[in-house]
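Read off the chains here:
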Amino acid sequence: MQHADTLNKLYVEITTVCNLDCTMCERRTWNEPFKHMSLAMFSNLMRQIQQLPTLPIIHLGGYGEPMAHPDFLEIVKLAKASGAIVEMTTNGILLNNDIAEVLINLDIDRIVVSIDGVTPDTYNDIRVHGNYRQVIENFRRLRRLKFRKKNRHSNPHVGIAFVAMKRNVADIQKLPWLAIYIGASDIQISNVVPHYPEMESEILYERSLLSTAYRASRWVPNMSLPKFDIGEHTQEPLREVFDSIVSLNWFNTDLSQANDYCRFAHEGYAAIRQDGEISPCLSLLHDHPVYLLGRRKNITHYALGNINQEPLGEVWESSEFTAYRAMLREFPYSPCTTCGGCERFPANFEDCNHNVFPTCGGCVWAQGFVQCP
């Protein structure tokens, strides 16, 4: 069982360079230059994690394409040499035969491929400069290489990450077939975060922001549902229940349990930016805007230290970081995702509960709308 005050997983953004320009990407809103983490900095980080009481999972991913880094394979080699479990998130375009063979030989543990469409038209509309058929062929090849070198259940395990929005939600039903076809063992669906006004019209959770179905309260009844067939007899009644004034419990799972739950704080995660900045989560790695309920909120990044000046372990155990994680687990922030924020607090510096920077009441990750691989 993971302990929240142990560093269990570390997202390492080895680059902010990307070969794609996806329609929903936060990078489209940045003013900062796109850069790589130096190999020397990453090597230093690997030395630092070996000083920790337990080795965290190393996940190569942030706001860039890891394989775009010129020293990508050497970085994977260093990460595996540390003894840690090593994962990565990729768009898969650059996963050619040679790289696939090396990754299998290096025994990288998990590769998550971001695929936001299960047809060439849908995929290419979202993943600008992408090539759906190339990605699928690359992972089919990886699957064949695994069969030849080891077996179908050997490393790397493959996962699919899918960002759902109105333009691609119909493709969700095809994801199980795609997973089998490319040899993926898990599928994770997340919601889009609107970083500019046009993307707000794509969200699939406008009513869910306010829905009592996901919010247990002593002011509304609770309804407990069993397993059901989803079909002609149940679809419409279930839809009406979700839109009614009850909070829901579905086969012993309380649908409100994802509210005010910061996975990074509760499960012991952190993130390292390409320049070495240590952040409590992916959402606070970079400055960016978020649009909800017609309002813009400016998110300023939050760093608790930098691995180039202070060891990661010391930063993690510092009084500031420890207190911040404890506060996130209590989550005393204003319910900004419910009311959409207000004109008084257009940034994450202060909220109406008198909390100060960084305020997290408007975080869609902490309300269960967005999931990280």
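Residues numbered from 1 in each chain as written. Predicted model: local features only at pLDDT ≥ 70, side-chain atom pairs only at ≥ 80, totals over all residues. Heavy atoms only, no water.

Draft legend 1. Spatial organisation of the overall build of the protein chain. Helix and strand content of the protein chain: 12 helices and 14 strands. In terms of overall dimensions, the protein chain is globule-like: its C-alpha atoms have a radius of gyration of 21 Å, near the 21 Å expected for 373 residues. The burial tally for the protein chain puts 52% of its 373 residues in the buried class. Within the protein chain, residue pairs in contact and separated by at least 24 positions form 73% of the contacts whose partners lie at least 6 positions apart. Accessible surface computed for the protein chain: about 17300 Å², of which carbon and sulfur atoms make up 53%. Between the centroid of the 35 positive side chains of the protein chain and the centroid of its 42 negative side chains there is a distance of 6 Å. (Helix = DSSP H or I, 4+ residues; strand = E, 2+ residues; numbered from the N terminus. Rg over C-alpha atoms; globule rule 2.2 N^0.38 Å. Buried < 20%, exposed > 50% of the residue type's maximum accessible area, 1.4 Å probe, protein only. Contact = heavy atoms within 4.5 Å. Areas by Shrake-Rupley, 256 points an atom, 1.4 Å probe, with all protein chains shown as cover. Lys, Arg positive; Asp, Glu negative; His and termini not counted. Charge placed at Lys NZ, Arg CZ, Asp CG, Glu CD.)

Draft legend 2. Up close: the packing of aromatic side chains. Tallying each qualifying case throughout the model produces 16 aromatic pairs. Aromatic side chains Tyr205 and Phe369 sit 4.8 Å apart centroid to centroid with 25 degrees between the ring planes, which places their arrangement in the stacked category. Residue Tyr205 is found in the loop between helix 7 (197-200) and strand 7 (222-225), and its partner Phe369 is found in the segment after helix 12 (336-339); the two are separated by 164 residues along the sequence. Exposure remark for Phe369: the relative accessible area of 11% places this residue in the buried category. An aromatic cluster of at least three residues, connected via ring pairs, comprises Tyr214, Phe242, Trp250 and Phe251. Just above the ring of Phe321 sits the side chain of Arg325; from NZ or CZ to the centre is 4.8 Å. (Phe/Tyr/Trp six-rings, centres within 6.5 Å; stacked < 30°, edge-to-face > 60°. Lys NZ or Arg CZ within 6 Å of the ring centre and 35° of its normal.)

Draft legend 3. Here's a closer look at the pattern of salt bridges. Enumeration over the complete set of coordinates arrives at 20 salt bridges. Between Lys9 and Glu87 there is a salt bridge, and its shortest N-O distance comes to 3.3 Å. Taken together, the positions of Lys9 in strand 1 (residues 9-12) and Glu87 in strand 3 (residues 86-90) put the pair 78 residues apart, joining distant regions of the chain. Across the pair Arg28 and Asp21 runs a salt bridge whose closest N-O atoms are separated by 3.1 Å. For Arg28, a relative accessible area of 36% puts it in the partly exposed group. Using a relative accessible area of 29% as the deciding quantity, one classes Asp21 as partly exposed. Beyond isolated ion pairs, a larger network of salt bridges with shared partners links Lys9, Glu87, Arg110 and Asp186. (Salt bridge = Lys/Arg side-chain N within 4 Å of Asp/Glu carboxyl O.)

Draft legend 4. Geometry of the sheet that holds strand 14 (residues 305-306). Sheet architecture is open: 9 strands sit in the order 6-5-4-3-2-1-10-11-14, paired in mixed fashion. Since the sheet does not close on itself, it has two edges, and those belong to strand 6 (184-191) and strand 14, each with one partner. When strand 10 (residues 269-272) meets strand 11 (residues 277-279), the two strands line up antiparallel, connected through 2 bridges. Bridging from a neighbouring strand, Ile272 pairs with Ile278 of strand 11. (Pairing = 2+ DSSP bridges.)

Draft legend 5. Inspection of the packing of helix 1 (residues 39-49) against helix 2 (residues 72-81) at higher detail. Packing of helix 1 against helix 2 brings their axes to within 10 Å, and their N-to-C directions diverge by 10 degrees. The pairing of helix 1 with helix 2 is recorded here as roughly parallel in orientation. Residue-level inspection shows Leu39, Phe42, Ser43 and Met46 of helix 1 in contact with helix 2, the latter providing Glu74, Ile75, Leu78 and Ala79. The class makeup of the residues in the contact of helix 1 with helix 2 is 6 nonpolar, 1 polar and 1 charged. (Axes fitted to C-alpha atoms, helices over the stretch in contact; angles between N-to-C directions. Parallel < 35°, antiparallel > 145°, perpendicular 65-115°, else oblique. Nonpolar A, V, L, I, M, F, W, Y, C, P; charged D, E, K, R; others polar.)

Draft legend 6. Spatial organisation of helix 5 (residues 132-149). Given a rise of 1.5 Å per residue, 18 residues ought to cover 26 Å, and the 26 Å separating the end C-alpha atoms of helix 5 matches this to within 8%. Among the residues making up helix 5, those that are buried are Tyr132, Val135, Ile136, Asn138, Phe139, Arg141, Leu142, Leu145 and Lys146. Next to the buried residues of helix 5 lie strand 3, helix 3 (97-106), strand 4 (110-114), helix 4 (120-126), strand 5 (157-164) and helix 6 (175-182). Put simply, Asn131 is the residue that caps the front of helix 5, since its side-chain oxygen is 3.2 Å from the backbone nitrogen of Arg133. (Expected span 1.5 Å × (residues − 1). Polar contact = N/O pair within 3.5 Å; in protein donor to acceptor, adjacent residues only side chain to side chain.)

Draft legend 7. Examining the nonpolar core more closely. Ranked by size, the top nonpolar core spans 97 residues in total, and within it Leu10, Leu60 and Leu312 carry the most contacts. No other element matches helix 5, which puts 6 residues into this core. Membership of the second largest hydrophobic core comes to 9 residues, among which are Val241, Val246, Leu248 and Leu255. (Core = buried A, V, L, I, M, F, W, Y, C linked by side-chain atoms within 4.5 Å.)

Draft legend 8. Focus on the pairing of strand 2 (residues 57-60). Note that strand 1 and strand 2 share 4 bridges and pair parallel. Within strand 2, the position partnered with Val12 by the bridge is Leu60. Of the crossover connections in this fold, the one passing from strand 1 over helix 1 to the parallel strand 2 is right-handed. The pairing of strand 2 with strand 3 spans 3 bridges and is parallel. Bridged to His59 within strand 3 is Glu87. (Right-handed = clockwise from strand over helix to strand, strands pointing away.)

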